[in-house]
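These are the residues of each chain, in order.
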Amino acid sequence: MRISNDKILAALPALEVERRRDVSLSGLTSLGIGGTTDLLLIRRHESIAGLLKLLDEHGVPHKFLGGGSNLLVMDGALPFVVLQLVKGDPEIVLEGNMATVDAAADLGHTVTYCAKHNLGGMEGLIGVPGTVGGALRMNAGAYGTQIGSFVREVKVYRAAERKIEILSGGQISFEYRHTSFAPDDMMLSVKLELPSKPYSEILQGIRICNEKRRSSQPLGQKSAGCIFKNPPGGSAGRMIDELGLKGFSHGDARVSERHANFFVNAGKASAADMLALIAEVRERVQKAYGVTLENEVVVWNA
Ligand code: EPU
């Protein structure tokens, strides 16, 4: 969607919001899929309320983008504008065992930065792509570690109340790939409490997780990580694999040969290809196992 309203355009500089025109979301998502729209880059948390009020007043639909690593965006001209936070400077502030991290900070960078300051616990999250804000919203997890366990405080913009709020960890529920945040809450920063550990020990844990990930996941290919959540007590990857669906494809959207719950963009896959593949695999699993797999990937299709 191209912003053409003069009032909005005139107000952006004072809000320190930068508009980039006709940006292709295929360049901002790890799947390399997605249509074009205007991208609004937000440099100050204090500008969010004003910006959203402006967009709402003029009927401009919008969505928030984190790191784009768990996202499938529809093709073509998108019927909404995309908002993204620009990283704060500094992105991470350490105080004792507390790390205050900007939502736009890269999760992997955060894990290694804290490790270098002898703060551990997050080793399992090392290869999870995306921003800290995205990881927080989804309660990202791997190898027995979930980010939610370390959260002591979250600064969030609550669209429903049109204001910034500070929530304590106890006010948020973190479940498997799910949190109690509202869909339009925008993560701004988080305070994590991390256990003290010598760097060398953390590094060892990081190496082990990296190795496990390299051996079981298609890291060099364009994907959004796991497409489906694991059903209670089961494994989506194992079921899809057992059905012989590795390599199964729709256009250039393909079930990874390495991990069956990763669907990769093997060339010029469209969102339609990926959605068709997801629907077909879900149906086959449903028929064979009587289990309806739920998306883990977030889909922006309207
Ligand atoms: N398996 C197969 N074939 C496959 C893939 C897996 O038989 O093609 C089997 C494995 O052998 C294993 C079981 O399924 O016995 C589970 O596989 P794996 O250990 O790879 O873990 P997963 O449950 O598929 C989860 C997370 C991953 C996370 C890993 C490691 C979900 C949906 N996935 O995968 O997270 O990296 O554990 O902790 O919870 C993501 O969220 O995007 C993601 C990739």
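Because the structure is a prediction, the values reported are computed rather than measured.

**Notes on the pairing of strand β14 (residues 186–193)**
In step 1: In terms of burial, β14 is largely enclosed, as six of its eight residues are buried.
In step 2: Both strand β7 (residues 98–102) and β14 contribute to a ladder of five bridges, which runs antiparallel. Opposite Met 98, over in β14, you have Glu 193 as the bridge partner.
In step 3: Two strands pair when backbone bridges link them, and strand β10 (residues 151–158) and β14 are joined in this way by six bridges, in the antiparallel orientation. If you follow Tyr 157 over to β14, its bridge partner there is Met 186.

**Points about the sheet that holds strand β16 (residues 249–250)**
Strand pairing in a sheet takes place through backbone hydrogen bonds and is either antiparallel or parallel in direction.
In step 1: Pairing in this open sheet of four strands is antiparallel, and the strands run β15-β18-β17-β16 from one edge to the other. On the outer flanks of this sheet lie β15 (222–226) and β16, each paired with one strand and no other.
In step 2: Alignment of strand β17 (residues 253–255) against strand β18 (residues 262–265), held across three bridges, turns out to be antiparallel. Across the sheet, Arg 254 pairs through a bridge with Val 264, a residue of β18.

**Some words on the site of the ligand**
In step 1: Within the structure, the ligand sits among 15 residues, and Gly 225, Cys 226, Gly 237, Asp 241 and Ala 260 are positioned closest to it.
In step 2: Sorting the residues of the shell around the ligand by element identifies β15 and α6 (236–242) as the ones contributing at least two each.
In step 3: In terms of residues, the shell around the ligand owes the most to one element, α6, which gives three residues.
In step 4: Looking at side-chain class alone, the shell around the ligand contains four nonpolar, seven polar and four charged residues.

**Remarks on the domain arrangement of the chain**
In step 1: Per the domain assignment, the segments making up the chain are domain 1 (6–85), domain 2 (92–200) and domain 3 (219–300).
In step 2: Placing a centre on the C-alpha atoms of domain 2 and another on those of domain 3 gives a separation of 27 Å.

**Quick word on the sheet that holds strand β2 (residues 36–42)**
In step 1: On the basis of which strands lie adjacent, the open sheet formed by four strands has the order β1-β2-β5-β3 and mixed pairing. The strands lining the two open edges of the sheet, one partner per strand, are β1 (17–24) and β3 (62–65). Pairwise comparison of adjacent strand axes, ignoring direction, gives a mean angle of 30° for this sheet.
In step 2: Here six bridges tie β1 to β2, and the two strands are oriented antiparallel to one another. Bridged to Ser 24 within β2 is Thr 36.

**Overview of unusual backbone geometry**
In step 1: Residue Asp 89 is joined to Pro 90 through a cis peptide bond whose omega torsion reads 5°.
In step 2: Assignment of secondary structure puts Pro 90 in the loop between β5 (81–85) and β6 (92–95).
In step 3: At Glu 16, a position not held by glycine, the phi torsion is positive, near 55°.
In step 4: Assignment of secondary structure puts Glu 16 in the loop between α1 (6–15) and β1.
In step 5: Although it is not a glycine, Asn 118 sits at a positive phi angle of roughly 60°.

**Some details on the pairing of β5**
In step 1: Within β5, five of the five residues are buried, leaving the element largely enclosed by the surrounding structure.
In step 2: What you see with β5 is no split at all: Val 81, Leu 83 and Leu 85 on one side and Val 82 and Gln 84 on the other are buried throughout.
In step 3: Relative to β5, β2 runs parallel, the two sharing four bridges. The residue of β5 that forms the bridge with Leu 41 is Gln 84.

**Things to note about helix α3 (residues 107–116)**
In step 1: Leu 107, Thr 110, Val 111, Cys 114 and Ala 115 are the residues of α3 that are buried. Along the long axis of α3, the arc covered by the buried residues comes to 130°, so they all point the same way.
In step 2: Buried residues along α3 sit in contact with β6, β7, α4 (132–138) and α5 (199–216).
In step 3: Downstream of α3 by one or two residues, Asn 118 has phi in the positive range, about 60°.

**Regarding the environment of Ala 135**
In step 1: Residue placement: Ala 135 occurs in helix α4.
In step 2: Note on Ala 135: 29 C-beta atoms within 10 Å, which makes it buried.
In step 3: Between the alpha carbons of Ala 135 and Gly 67 there is a distance of 9.2 Å; along the sequence they are 68 residues apart.
In step 4: Setting aside chain neighbours within four positions, we find Ala 135 in contact with Leu 107, Val 128, Gly 130, Ala 140 and Ile 147.

**Re the environment of Val 264**
In step 1: Relative to the helices and strands, Val 264 resides in strand β18.
In step 2: For Val 264 and Ser 223, which are 41 residues apart along the polypeptide, the C-alpha to C-alpha distance reads 4.6 Å.
In step 3: Every residue in contact with Val 264, bar those within four places of it in the chain, is listed here: Pro 218, Gln 221, Lys 222, Ser 223, Arg 254 and Ser 256.

**Details of the nonpolar core**
In step 1: Membership of the largest hydrophobic core comes to 76 residues, with the highest contact counts inside it found for Leu 125, Val 190, Phe 263 and Met 274.
In step 2: For this core, the leading source of residues is helix α7 (residues 271–289), giving six residues.
In step 3: For Met 274, the residues in contact, after removing those within four places along its chain, are Ile 33, Leu 72, Ala 253, Phe 263 and Ala 269.

Parameters and conventions
- Residues numbered from 1 in each chain as written.
- Predicted model: local features only at pLDDT ≥ 70, side-chain atom pairs only at ≥ 80, totals over all residues.
- Buried ≥ 20, exposed ≤ 12 C-beta atoms within 10 Å, placed from the backbone.
- Helix = DSSP H or I, 4+ residues; strand = E, 2+ residues; numbered from the N terminus.
- Pairing = 2+ DSSP bridges.
- Near = placed C-beta within 6 Å.
- Nonpolar A, V, L, I, M, F, W, Y, C, P; charged D, E, K, R; others polar.
- Domains from an automatic or database assignment.
- Axes fitted to C-alpha atoms, helices over the stretch in contact; angles between N-to-C directions.
- Arc of directions from axis to C-beta.
- Contact = placed C-beta atoms within 7 Å.
- Core = buried A, V, L, I, M, F, W, Y, C linked by C-beta atoms within 7 Å.

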